[in-house]
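Each chain, written out:
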Amino acid sequence: MKWSIELVKSYMEPHRNEENAVSMAAYMKNHFPFLGIKTPERRMLFRALVKENELPSLNTVQEEVWALFQLKEREYHYVAIELLAKYQKQLTIEDLPFCLKLIETNSWWDSVDAIAPKIVGDIVKVDRVEGEAVMMEWAKSENMWTNRASILHQLKYKQETNEELLFATINRHATSKEFFIQKAIGWVLREYAKTSPEVVRQFVENTKLAPLSKREALKHIK
């Protein structure tokens, strides 16, 4: 069948679980209602949906993703992000404004962290000059979640990390009081420490970071 919101709902709605939904919403501080479909089952349903039906065209995928993002239950937002990720190799710098729109809509760590290191990170890696310029603009945003995305987009870059950009995005928010920014800084440094531990150690020693960021950054450095 052709992809539609109703088609997605036909796969998801029969698996509503009110008991799960209450605990899942509580875990996310009750920012969103849930269907109550846990991650393994949701991913299984998404795989079946993709296997058994026609995916939207590249020209219409943003429209379909955005429509899912308008539904209130959080699982539909996850499906939207998974759908966009199916087109990862076809996405370009031109798609970053749409990624930003998703990051700044229904914002919480779970959606931002699914978009930034994977989808955004892959887009930027293909066009480093333009992409990195956009990431610096995101770092200057007044939106905390956009700042978090700019910090985390290189999370999986390993040897391909642009240290200058990494440290620039961190320095811009090094004294932030926001928990989710402090955590992002610690997380990205901890991950990069697996590749360049001495570089991370020196950066942490020479930079005024929140205690949480420092602890996370140095977690696995002996």
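Residues numbered from 1 in each chain as written. Predicted model: local features only at pLDDT ≥ 70, side-chain atom pairs only at ≥ 80, totals over all residues. Heavy atoms only, no water.

Caption draft 1: How the structure looks around the nonpolar core. Within the largest apolar cluster, 73 residues are counted, with the highest numbers of intra-cluster contacts made by Leu68, Val120, Ile170 and Leu189. The contacts of Leu189, once residues within four sequence positions are left out, are Phe167, Ile170, Val200, Phe203, Val204, Leu209 and Ala217. (Core = buried A, V, L, I, M, F, W, Y, C linked by side-chain atoms within 4.5 Å. Buried < 20%, exposed > 50% of the residue type's maximum accessible area, 1.4 Å probe, protein only. Contact = heavy atoms within 4.5 Å.)

Caption draft 2: Geometry of the side chain of Asp95. Following the sequence through the fold, Asp95 ends up in the loop between helix H5 (74-85) and helix H6 (96-103). Comment: no salt bridge for buried Asp95; closest opposite-charge side chain is Lys101, at 12 Å. Engagement of the side chain of Asp95 in a polar contact is seen with the side chain of Gln62, the distance being 2.9 Å. Among residues more than four places away in sequence, those in contact with Asp95 are Gln62, Gln90 and Ile123. (Helix = DSSP H or I, 4+ residues; strand = E, 2+ residues; numbered from the N terminus. Lys, Arg positive; Asp, Glu negative; His and termini not counted. Salt bridge = Lys/Arg side-chain N within 4 Å of Asp/Glu carboxyl O. Polar contact = N/O pair within 3.5 Å; in protein donor to acceptor, adjacent residues only side chain to side chain.)

Caption draft 3: Quick look at helix H4 (residues 61-69). All of the buried residues in H4 are Val61, Glu64, Val65, Leu68 and Phe69. Along the long axis of H4, the arc covered by the buried residues comes to 140 degrees, so they all point the same way. (Arc of directions from axis to C-beta.)

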